[in-house]
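A closer look at the structure
Read off the chains here:
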Amino acid sequence: MIRLTRLNKTSFVLNSDLIECFESTPDTVITLTNGKKYVVCENVDEVVKKVMQFKAGILKYANEN
């Protein structure tokens, strides 16, 4: 799960496993596997970084236990 910010400055948590793609149009638009779209304040590179940190955290936890 990653925390993101909508354009109206409210935050929400997104299940990153459901991300199909994201694009910069110039706003960042995230499309999920179910077709739902989210427009967020974070740029594409920030979203990629958040997803990578989340996945790395899962692997780290799994390796420690």
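These notes cover the structure that comes with them. Remember, it's a predicted structure, so these values are computed and weren't measured experimentally.

1. Topic: the side chain of Thr31
Tracing the backbone shows Thr31 in strand β4 (residues 28-32). Among the residues examined, Thr31 registers a relative accessible area of 9% and is labelled buried. A distance of 3.3 Å separates polar atoms of two side chains, one belonging to Thr31 and the other to Lys37. Sequence-distant contacts of Thr31, that is, excluding residues within four places in its chain, are made with Leu18, Ile19, Glu20, Cys21, Lys36 and Lys37.

2. What to know about the nonpolar core
Formed by Ile2, Leu4, Phe12, Leu14, Ile19, Ile30, Leu32, Tyr38, Val40, Val47 and Val51, the largest nonpolar core amounts to 11 residues. Elements represented by at least two residues in this core include exactly β1 (2-5), β2 (11-14), β4, β5 (37-40) and α1 (44-64). Ignoring anything within four residues of it in the chain, the contact list for Leu32 reads Leu14, Leu18, Ile19, Glu20 and Tyr38.

3. Observations regarding α1
Its 21 residues give α1 an end-to-end C-alpha distance of 30 Å, which sits within 8% of 30 Å, the value for a rise of 1.5 Å per residue. Near the N-terminus of α1, the side chain that reaches the backbone nitrogen of Asp45, with its oxygen 3.0 Å away, is that of Asn43.

4. A few points about the packing of aromatic side chains
Tallied over the entire structure, the rule returns one aromatic pair. A centroid spacing of 5.1 Å and a plane angle of 25 degrees characterise the contact between Phe12 and Tyr38, whose relative ring orientation is stacked. Linking Phe12 in strand β2 with Tyr38 in strand β5, this pair joins segments that are 26 residues apart in sequence. Tyr38 sits in the buried class, given a relative accessible area of 16%.

5. Looking at the state of the cysteines
By the definition in use, this model includes zero disulfides. For the unlinked cysteine Cys21, the closest cysteine sulfur is that of Cys41, found at 19 Å. Among the residues examined, Cys21 registers a relative accessible area of 35% and is labelled partly exposed. Under the relative-accessibility criterion, Cys41 is labelled partly exposed at 34%.

Scoring rules and cut-offs
- Residues numbered from 1 in each chain as written.
- Predicted model: local features only at pLDDT ≥ 70, side-chain atom pairs only at ≥ 80, totals over all residues.
- Heavy atoms only, no water.
- Helix = DSSP H or I, 4+ residues; strand = E, 2+ residues; numbered from the N terminus.
- Buried < 20%, exposed > 50% of the residue type's maximum accessible area, 1.4 Å probe, protein only.
- Polar contact = N/O pair within 3.5 Å; in protein donor to acceptor, adjacent residues only side chain to side chain.
- Contact = heavy atoms within 4.5 Å.
- Core = buried A, V, L, I, M, F, W, Y, C linked by side-chain atoms within 4.5 Å.
- Expected span 1.5 Å × (residues − 1).
- Phe/Tyr/Trp six-rings, centres within 6.5 Å; stacked < 30°, edge-to-face > 60°.
- Disulfide = S-S within 2.5 Å.

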